[in-house]
Every structure is written in C-alpha cells, then in structure tokens.
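# Summary of structural features
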Amino acid sequence: MVQTTAGNPLISDAATQAGPADGHAAFVGRPRPRSRGLAHGLVEDLGEKIRSQSLRPGDKLPTESAIMQAYGVSRTVVREALSKLQAGGLVETLHGVGTFVLQPRPGGVFRLDPGEIAASVDVLAVLELRISLETESAGLAASRRTDEQLMAMRQALDDFEHNVAVAGDTVAHDFRFHLQIAQSTGNPYFADIMRHLGTTIIPRTRISAIRIQDGGAYLSRVNREHEEIYAAIARRDPESARAAMRIHLTNSRERLRMAQEAAQQQKAKAEAAAGSAGVGGADGAASS
C-alpha cells in the first residue's frame, strides 16, 4: 500500500513543518458530543472522511497517539473505532506497519436475513467467549509453541488459502488453525474447550449470509488476519499475537453486529408496514 501524508487534509501544513516533539504530525480531528459515544463519533468522523475521499485509498492513518491527541480520547476508544472501521471494510491494519484506507466496496457489510437474527445472537455470544479465550491462547502459544506446532499452523493456513482459490471448503482448515493455537499453549484445557465448541465457532457455518457474501474476497481478508496472528506467533511475540487475535475476532463480531442491527431495522419496518396495512384494511371494512 502507498504510505502517504502529503496533501492529506487531516494533516495540517503548520504541523507538518514543525511537528510535535514525538515526530508525528498533528491530526486534525473534529470532536464529537460525548452523549453519542466517543468511539461511535470517531467512527462517524473518520468514516465520512474516507467516503468523501478526504482520506484516499492507500493513505496511511496517523498513529494511535496522534488520533488520541487530535480527538481528546483514550487509546481504548481509538482502538475500538479502528476495529469498527476494519469490520466495515474501510481500513486495514497491518501490525507493526500501520492502518491504511481501503478502496470502498459496493454493498458494504453483508446483509443478514431477518430470519437469522436469533442465530446471530448466539454466534455473537460465542464470539465474545472466543475473544476472551483465544486472545490469551495466542499469547501463550507465541511463548510456548514448538517448531512442529508452528509447521502445523502453517499447513492449516496453506490449505485454507488453496481452498479459497479453488472455491473449496475452508471451515475445517480455519478451525484447524485456531485449534492448533490452543494446543500450542501447552495447557490442555484451551484445546478441550475448542474441541467441545467444534467448527460451529466459525460464524459462516451458522449464518448463510456470511457464506455467500463476496466469496473469495471475504475469505482472503480472513486469511490475511490469520497471517498476522501466525507471524506474531512465529517470531515469539506474545503481545502482538494477542493483539492480532483480538483484531481478527473483533472484526468478525463487528461485521456480524452491524448486519444484525440492519436486519432488526428491516424486520421492524416490515412489521410496521404490515401493521399499517392491517389497520387500513380494518378501517376500510368499517367504513364500507
């Protein structure tokens, strides 16, 4: 990706010429009312800049510290906002490199059938459990994995990538990768829990909308997130492994949460329309 800041309207000319002591240019943000939620406001503001092309595809966002200073928010808020932007397909974070603006995709988040709302609630609950469980699992695996276990992770990712290319089944290889990480912790209980949950922990096994959304592009993105996790475990970097796993699972949760909200709104509108039609019909019958 192209790492650009020149001409970026979010970088003030004065700050670029005489940047702050830490060497980062000042990020020109627009504060949002606290009542709307800090992370939500930051997502809206950055999202609008991306959609309006103020931030162009390939542009590298300022550092977390620069965004914190510009918006007056905490690092937690910035990371939550970036996670939501990733889930919406607006940016991509490459660990150790930075966060980059992506080319906008038509259609946005996948559409969830209103009939799948109940299933999505359960999948969200499982994802919350996985964020807690697998974030620590990745960190321990980075510290304790053997070379043989790392090779097994590599094979799972290679098989995943091959099946994306030939439109084959990727679920089994996805699960193998996550299970191998659990086994690499050296703590058998992590692997026991993963085996108990089985392949149903993979959201696309439960929700058809995920299986049919933009096919290979979605799966390729999932595998890029897997590669970030693998790279951190390979270099025995526990904190980076935890961060990469959290980003991967949080992205899945946010994509599903946004689709769930859209489906609930769609269902509410349909029920309201049906109710209005019923009232209208009753009124018509009464007046005839």
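Remember, it's a predicted structure, so these values are computed and weren't measured experimentally.

## Things to note about the overall build of the protein chain
Scanning the protein chain for helices and strands turns up eleven helices and two strands. Starting at the N terminus, the α and β elements of the protein chain follow one another as α-α-α-α-β-β-α-α-α-α-α-α-α. In the protein chain, buried positions account for 42% of the 288 residues. A separation threshold of at least 6 residues defines the contact pool for the protein chain, and within that pool the share at least 24 residues apart is 72%.

## Considerations on the pattern of salt bridges
Tallied over the full model, the rule gives 15 salt bridges. With its nearest N and O atoms 3.1 Å apart, the salt bridge here joins Arg154 to Asp158. In this pair, Arg154 and Asp158 both sit in helix α6 (residues 147–165), four residues apart, roughly one turn of the helix. Residue Arg154 is classed as partly exposed on the basis of its relative accessible area of 22%. On the accessibility criterion, Asp158 (33% relative accessible area) is partly exposed. Residues participating in the shared-partner salt-bridge network are Glu64, Arg75 and Arg79.

## Examining the environment of Leu90
Following the sequence through the fold, Leu90 ends up in the loop between α4 (75–87) and β1 (91–94). Here Leu90 falls in the buried class, since its relative accessible area comes to 14%. In the structure, Leu90 is positioned 43 residues away from Gly47 in sequence and 7.3 Å away in space, judged by C-alpha atoms. Other than its neighbours up to four places away in sequence, Leu90 contacts Gly47, Ile50, Arg51, Leu85, Phe100, Val101 and Leu102.

## Thoughts on the environment of Leu127
Note on placement: Leu127 falls in helix α5 (residues 117–144). Between the C-alpha atoms of Leu127 and Pro203, which are 76 residues apart in sequence, the distance is 8.4 Å. Excluding its chain neighbours within four sequence positions, the residues that come into contact with Leu127 are Pro203, Leu249, Ser252, Arg253 and Leu256.

## A look at the side chain of His173
Note that His173 resides in helix α7 (residues 171–183). A relative accessible area of 15% means that His173 is categorised as buried. Looking at His173, its side chain comes within polar contact range of the side chain of Arg176, at 2.8 Å. Those residues in contact with His173 that lie beyond four places of it in its chain are Ala156, Asp159, Phe160 and Asn163.

## Section: the pairing of strand β2 (residues 98–101)
Covered by surrounding structure in β2 are Gly98 and Phe100 together with Thr99 and Val101, the residues of both alternating faces. Of the pairings in the sheet, the one linking β1 to β2 comprises four bridges and is antiparallel in character. Bridge pairing in β2 places Val91 opposite Val101. What sits between β1 and β2 in their antiparallel hairpin is a turn of three residues, with Gly96 showing a positive phi close to 85°.

## Details of α6
Look at α6: 27 Å from first C-alpha to last across 19 residues, which is about the 27 Å you get at 1.5 Å a residue. Taken residue by residue, α6 has Gln149, Leu150, Met153, Ala156, Leu157, Phe160, Asn163 and Val164 as its buried positions. Take α6 and look down its axis: the buried residues cluster within an arc of 155°, on one side only. Relative to its buried face, α6 has exposed residues pointing more than 90 degrees away, namely Glu148, Met151 and Ala165. Where α6 ends, the next residue or the one after it, Ala167, has phi of about 60°, a positive value.

## Remarks on the confidence of the model for the protein chain
When pLDDT is averaged across the protein chain, the result is 80; 75% of the residues are at 70 or more. In the model, residues 1–9 has pLDDT below 50 throughout and makes 21 contacts with residues more than four positions away in sequence or in other chains. Low pLDDT, under 50, characterises residues 11–26; the stretch is placed with 16 contacts to residues that sit more than four places away or in other chains.

## What about α4?
Under the 1.5 Å per step criterion, the end-to-end length of α4 is 18 Å for 13 residues, consistent within 8% with the ideal 18 Å. Turning to α4, its buried residues number three or more, namely Val77, Val78, Ala81, Leu82, Ser83, Lys84, Leu85, Gln86 and Ala87. Phi for Gly89, located one or two positions after α4, is positive at around 75°.

## Here's the deal with unusual backbone geometry
Although it is not a glycine, Gln53 sits at a positive phi angle of roughly 70°. Looking at the secondary structure, you find Gln53 in the loop between α2 (38–51) and α3 (64–71). Among the residues examined, Gln53 registers a relative accessible area of 37% and is labelled partly exposed. Positive phi values are uncommon outside glycine, yet Ala167 reaches one of about 60°. Among the structural elements, Ala167 can be located in the loop between α6 and α7.

Conventions we followed
Residues numbered from 1 in each chain as written. Predicted model: local features only at pLDDT ≥ 70, side-chain atom pairs only at ≥ 80, totals over all residues. Heavy atoms only, no water. Helix = DSSP H or I, 4+ residues; strand = E, 2+ residues; numbered from the N terminus. Buried < 20%, exposed > 50% of the residue type's maximum accessible area, 1.4 Å probe, protein only. Contact = heavy atoms within 4.5 Å. Salt bridge = Lys/Arg side-chain N within 4 Å of Asp/Glu carboxyl O. Polar contact = N/O pair within 3.5 Å; in protein donor to acceptor, adjacent residues only side chain to side chain. Pairing = 2+ DSSP bridges. Expected span 1.5 Å × (residues − 1). Arc of directions from axis to C-beta. pLDDT = per-residue confidence, 0-100.

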